[in-house]
Amino acid sequence: VYTLGSRRLISRHSPVGVTGLSMAIGTLVYVPVMWPHVRAADWDAVTWPTWISIVYSSIFALGVAYTIWYAGVRQIGSARTSVYSNVIPIVAMATAVVFLGEPLRLAKLVGAAAVLVGVALTRTAPQAPPAEPCEPCAITSALNAMSSFRRAATARTIPPRSMPLRGQTEWRAA
């Protein structure tokens, strides 16, 4: 829903601008909910490495990632881009294995393979033919064609050759 909702914005604005706007709106929503927890935190206990991690996460994991995401929405469309959100758990799993030493079990591998096969299928599936126009569209098209024909018929300045010319009483063959 979030990616589809941003489609109109991204067609008019840059990915960086849409990222900034979405983060500002998200902040406005979260601050009132989280304010009691923020006030209750012991900020003196937060170390410099933790602050650096928070800044790094906010710039790269959020800012850059969402900017790339919106660039994808602009480039290939929201439906095709949203398919790639299924890859996020696989990246998280690989990161946890490499950096946190998480065990990699068969069930995780099977799940990752299923996700990758699904993404591959959506990328390689033939495109559906355009849908038939809806009934109101077909009626509108027919009315437009009739009015175009009527305009063309009344705009003729040269009469057809099979009709008598003005002042003639008999028909001439073409």
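Each remark here, short or long, concerns the structure printed above.
Remember, it's a predicted structure, so these values are computed and weren't measured experimentally.

Engineer: So what's going on with the overall build of the chain? Which residues, and what values?
Structural biologist: Per the secondary structure count, the chain includes eight helices and zero strands. Moving toward the C terminus, one meets the helices and strands of the chain in the order α-α-α-α-α-α-α-α. Taken across its 174 residues, the chain has 13% of its residues classed as buried. Partitioning the intrachain contacts of the chain with sequence separation of at least 6 by distance along the chain shows that 59% fall at a separation of at least 24.

Engineer: For the packing of aromatic side chains, give the residues involved together with the corresponding values.
Structural biologist: Scanning the model with the defined rule gives three aromatic pairs in all. Judged by centre distance (4.9 Å) and plane angle (40 degrees), the rings of Tyr56 and Phe60 are tilted. Of the two residues, Tyr56 and Phe60 both sit in helix α4 (residues 48-76), four residues apart, roughly one turn of that helix.

Engineer: Give a description of the nonpolar core that names residues and reports values.
Structural biologist: Ranked by size, the top nonpolar core spans five residues in total: Ile10, Val18, Trp69, Tyr70 and Val73. When residues of this core are assigned to their parent elements, the largest contribution, three residues, is made by α4. Not counting chain neighbours up to four residues away, the residues in contact with Trp69 comprise Thr3, Thr81, Ser82, Tyr84 and Ser85.

Engineer: A description of the side chain of Thr81 should follow, citing residues and the corresponding values.
Structural biologist: Secondary-structure assignment places Thr81 in helix α5 (residues 78-83). In this structure the side chain of Thr81 is engaged in a polar contact, spanning 3.4 Å, whose partner is the backbone nitrogen of Val73. A distance of 2.7 Å separates a polar atom in the side chain of Thr81 from the backbone oxygen of Gly77. When residues no more than four places from it in sequence are discounted, the contact partners of Thr81 are Trp69, Gly72, Val73 and Ile76.

Engineer: How would you sum up helix α6 (residues 88-100)? Please name residues and give values.
Structural biologist: Along its 13 residues, α6 runs 17 Å from first to last C-alpha, staying within 8% of the 18 Å computed at 1.5 Å per residue. Listing the buried residues of α6 in full gives Ile90, Met93 and Ala96. Viewed end-on, α6 has its buried residues packed into an arc of 125 degrees, placing them on one side of the element. Residues of α6 that are exposed and point over 90 degrees away from its buried face: Ile88, Val98 and Phe99. Among the residues trailing α6, Gly101 stands out with phi positive, at a value near 70 degrees.

Cut-offs applied
Residues numbered from 1 in each chain as written. Predicted model: local features only at pLDDT ≥ 70, side-chain atom pairs only at ≥ 80, totals over all residues. Heavy atoms only, no water. Helix = DSSP H or I, 4+ residues; strand = E, 2+ residues; numbered from the N terminus. Buried < 20%, exposed > 50% of the residue type's maximum accessible area, 1.4 Å probe, protein only. Contact = heavy atoms within 4.5 Å. Phe/Tyr/Trp six-rings, centres within 6.5 Å; stacked < 30°, edge-to-face > 60°. Core = buried A, V, L, I, M, F, W, Y, C linked by side-chain atoms within 4.5 Å. Polar contact = N/O pair within 3.5 Å; in protein donor to acceptor, adjacent residues only side chain to side chain. Expected span 1.5 Å × (residues − 1). Arc of directions from axis to C-beta.

Such coordinate-based values are descriptive only and should not be taken to indicate function.
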